[in-house]
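Fold and geometry: a report
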Amino acid sequence: MKDNLNEKFDIVFTSYGTIGWLPDISQWANIVSHFLKPNGKFLIVEFHPFIWTLDHNFEKIHYSYFHEDEPIAETLKGTYADRNSDIEMVEYGWNHSLSDVINSLIAEGLEILSFKEFPFSPYNCFPNMKEVAKNKYMFEKFPGKLPIVYSLKAKKK
């Protein structure tokens with residue numbers, strides 16, 4: 001990516017569901033830093049890594065919170081876009097703890113300006129979620145008890 005884009009930006013933003021597909025969070029932070037101008041802001045809104053400890057139905061703890069050398073591999077029916085599809089596939093993902101995310105950004109010269117956690121998702125995108133307010137979804141089994149989303153704002157020094 002660095003070879004295809006030569007510009008620096010005032011803002012770099014990553015959104016829901018991006019870093020779980022990446023095996024190397026340090027390389028991700030390096031790319032974020034590379035594309036920021038000095039004093040540029042980085043924003044991330046992402047699903048909380050704690051929810052990725054839960055099983056596929058989001059009902060019980062099944063995976064480690066801490067990054068493992070091997071990816072989480074799950075055989076799933078359906079697709080990201082169509083859960084009812086007849087397709088069966090293996091999906092791979094990596095869980096990056098909050099300390100992994102924060103420390104990778106700090107190591108790349110970013111200063112953390114704010115960090116927030118939220119007990120809801122703005123999307124009904126996981127099994128067994130219930131809308132508790134407009135655009136606020138929680139797991140039926142754990143209403144208001146789990147962090148589901150976080151946001152972080154940082155500045156490049």
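Below is a summary of the structure that appears in this document. (Residues numbered from 1 in each chain as written. Predicted model: local features only at pLDDT ≥ 70, side-chain atom pairs only at ≥ 80, totals over all residues. Heavy atoms only, no water.)

**What to know about the environment of Glu-46**
For the record, the criterion: A helix here means a DSSP run of H or I that spans at least four residues, while a strand means a run of E at least two residues long, and both kinds are numbered starting from the N terminus. Any two residues whose heavy atoms approach within 4.5 Å are treated as being in contact. Nitrogen and oxygen atoms within 3.5 Å of one another constitute a polar contact, given that in protein one can donate a hydrogen and the other can accept it, and given that sequence-neighbouring residues count only through two side-chain atoms.
Within the secondary structure, Glu-46 sits in strand E2 (residues 36–47). Along the chain, Glu-46 and Pro-23 lie 23 residues apart, while their C-alpha atoms are 16 Å from each other. With sequence-adjacent residues up to four places away left out, Glu-46 is seen in contact with Ser-15, Tyr-16, Gly-17, Thr-18, Ile-19, Ile-148, Val-149 and Tyr-150. In this structure the side chain of Glu-46 is engaged in a polar contact, spanning 3.0 Å, whose partner is the backbone nitrogen of Thr-18.

**Some thoughts on the sheet that holds strand E8 (residues 149–156)**
Hydrogen bonds between backbone groups are what pair the strands of a sheet, and the pairing can be parallel or antiparallel. Selection rule: Pairing between two strands is assigned when DSSP locates at least 2 bridges connecting them. Axis angles are defined between N-to-C directions and span 0 to 180 degrees, where every axis is a line fitted to C-alpha atoms and, for a helix, only to the segment in contact.
Read from one edge to the other, the open sheet built from 4 strands follows the order E1-E2-E8-E5, with strand pairing classed as mixed. Edge positions in the sheet fall to strand E1 (9–14) and strand E5 (110–118), since each has one partner strand and no second. Strand-to-strand twist in this sheet, taken as the mean axis angle between neighbours without regard to direction, amounts to 10 degrees. With 8 bridges joining them, E5 and E8 adopt antiparallel strand pairing. Pairing of Ser-114 across the sheet is with Lys-153, part of E8. The strands touched by helix H1 (residues 25–35) within the sheet are E1, E2, E5 and E8, with E2 carrying the most contacts at an inclination of about 140 degrees. Running at roughly 160 degrees to E5, helix H2 (residues 98–107) makes contact with E2, E5 and E8 of the sheet.

**Focus: the nonpolar core**
Nonpolar side chains in soluble globular proteins tend to end up buried together. Quick reminder of the rule: Nonpolar core, defined: a set of buried Ala, Val, Leu, Ile, Met, Phe, Trp, Tyr and Cys residues in which side-chain atoms within 4.5 Å join the residues together. Whether a residue is buried, partly exposed or exposed follows from its accessible area with a 1.4 Å probe, protein chains only, as a fraction of its type maximum: under 20%, in between, or over 50%, in that order.
Within the largest apolar cluster, 17 residues are counted, with the highest numbers of intra-cluster contacts made by Trp-28, Val-32, Phe-42 and Leu-105. At the level of secondary structure, the elements contributing two or more residues to this core comprise H1, E2, H2 and E8. With 5 residues, the top contributor of residues to this core is H1. Not counting residues up to four positions away in its chain, the partners in contact with Leu-105 are Trp-28, Ala-29, Val-32, Phe-42, Leu-110, Ile-112 and Leu-152. With 12 residues, the next largest nonpolar core counts Ile-51, Phe-126, Leu-146 and Val-149 among its residues.

**Side note on the packing of H1 against H2**
To keep things clear, this is the line we draw: Put simply, angles under 35 degrees are roughly parallel, angles over 145 are roughly antiparallel, angles from 65 to 115 are roughly perpendicular, and the rest are oblique. It is the rotation of the near helix from the far one that decides the hand of a crossing: anticlockwise by less than a right angle makes it left-handed, clockwise makes it right-handed. The residue classification treats Ala, Val, Leu, Ile, Met, Phe, Trp, Tyr, Cys and Pro as nonpolar and Asp, Glu, Lys and Arg as charged. All others, Gly included, are polar.
Close contact between H1 and H2 brings their axes to 8 Å; oriented N to C, the two are set at 40 degrees. In terms of orientation, H1 lies oblique with respect to H2. As H1 packs across H2, the resulting crossing turns out to be right-handed. Along its contact with H1, which presents Ile-25, Ser-26, Trp-28, Ala-29 and Val-32, the element H2 presents Asp-100, Val-101, Ser-104 and Leu-105. Residues belonging to the contact of H1 with H2 are distributed by class as follows: 6 nonpolar, 2 polar and 1 charged.

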